[in-house]
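Geometric and topological summary
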Amino acid sequence: QVQVVESGGGLVQPGGSLRLSCAASGSIFSRYDMGWYRQAPGKQRKLVAAITSVCITNYADSVKCRFTISRDNAKNTVYMKMNSLKPEDTAVYYCNVRPLVTPRNYWGQGTQVTVSS
């Protein structure tokens, strides 16, 4: 089994910044992709940013040029730096880990990000 734990959420004013962290542990025996998703109340969970095992990144159009995803393979950790935050970014942010040999998704419990003045 793979365990996924997010941290770094909180309350921030519009225009502010946060950095989210996601640490994966357990039986990861292959290369894996990692990503961040978010879900606002009453909304569908959607991809925010992803990074592959070879560090290819992609972003939702709404966060391009504001958010940056990175990974540290030695720590099995993915980060997402969020700049110029907007109230529309308010959501629960979930980390996703996807091993490639036996593909399936592992999810964390989520971390709340609230952007409000």
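See the structure above.
A brief look at the structure comes next. (Residues numbered from 1 in each chain as written. Predicted model: local features only at pLDDT ≥ 70, side-chain atom pairs only at ≥ 80, totals over all residues. Heavy atoms only, no water.)

Considering the sheet that holds strand 1 (residues 2-7)
If you trace the four strands from one edge of the open sheet to the other, you get 1-3-8-7, paired in antiparallel fashion. Strands at the two margins of the open sheet, each flanked by one partner only, are strand 1 and strand 7 (67-72). When strand polarity is set aside, the average angle formed by the axes of neighbouring strands in this sheet is 15°. (Pairing = 2+ DSSP bridges. Helix = DSSP H or I, 4+ residues; strand = E, 2+ residues; numbered from the N terminus. Axes fitted to C-alpha atoms, helices over the stretch in contact; angles between N-to-C directions.)

With respect to the layout of surface pockets
There is about 170 Å³ of room inside the largest pocket. Lining the largest pocket we find 14 residues, and of these Arg38, Ala40, Lys43, Gln44 and Lys46 sit closest to its centre. For the lining of the largest pocket, the elements supplying multiple residues, two or more each, are strand 4 (32-39) and strand 5 (46-51). Top element by residues in the lining of the largest pocket is strand 5. It accounts for three residues. A class-by-class count of the residues in the lining of the largest pocket yields five nonpolar, four polar and five charged. (1 Å grid on protein atoms, 1.4 Å probe; cavity = no way out; pocket = protein on both sides within 12 Å on 5 of 7 lines; lining within 4 Å. Points joined across faces, edges and corners; volume = space filled by probe spheres on them. Nonpolar A, V, L, I, M, F, W, Y, C, P; charged D, E, K, R; others polar.)

Brief notes about the side chain of Ser53
Along the chain, Ser53 falls in the loop between strand 5 and strand 6 (57-59). Not counting residues within four places of it along the chain, the set of residues in contact with Ser53 comprises Arg31, Tyr32, Asp33, Arg71, Asn73 and Leu100. (Contact = heavy atoms within 4.5 Å.)

So, the packing of aromatic side chains
Enumeration over the complete set of coordinates arrives at one aromatic pair. Seen in terms of ring centroids, Tyr37 and Trp107 are 5.0 Å apart; in terms of plane orientation they differ by 70°. Their pairing is edge-to-face. With Tyr37 in strand 4 and Trp107 in strand 10 (residues 106-107), the pair connects residues that are 70 residues apart, well separated along the chain. A relative accessible area of 35% places Trp107 in the partly exposed class. Sitting over the face of the ring of Trp107, Arg45 holds its NZ or CZ atom 4.7 Å from the ring centroid. Sitting over the ring of Tyr106, Arg104 keeps its end group 4.4 Å from the ring centre. (Phe/Tyr/Trp six-rings, centres within 6.5 Å; stacked < 30°, edge-to-face > 60°. Buried < 20%, exposed > 50% of the residue type's maximum accessible area, 1.4 Å probe, protein only. Lys NZ or Arg CZ within 6 Å of the ring centre and 35° of its normal.)

Focus on the environment of Thr68
With respect to the helices, strands and loops of the structure, Thr68 is situated in strand 7. Since its relative accessible area comes to 46%, Thr68 is described here as partly exposed. It is 17 Å that separates the C-alpha atoms of Thr68 and Val97, two residues lying 29 residues apart in sequence. Setting aside residues up to four positions removed in sequence, Thr68 forms contacts with Tyr59, Tyr79, Met80 and Lys81.

Observations concerning the state of the cysteines
All chains considered together, the criterion is met by one disulfide. In this model, Cys22 is linked to Cys95 through a disulfide, with the two sulfur atoms separated by 1.9 Å. On the sign convention where negative means left-handed, the S-S torsion of about -80° between Cys22 and Cys95 marks this disulfide as left-handed. Linking Cys22 in strand 3 (residues 18-26) with Cys95 in strand 9 (residues 91-99), this pair joins segments that are 73 residues apart in sequence. The class for Cys95 is buried, based on a relative accessible area of 0%. Looking at Cys55, it has no disulfide partner, and the nearest cysteine sulfur is the one in Cys95, 15 Å off. (Disulfide = S-S within 2.5 Å.)

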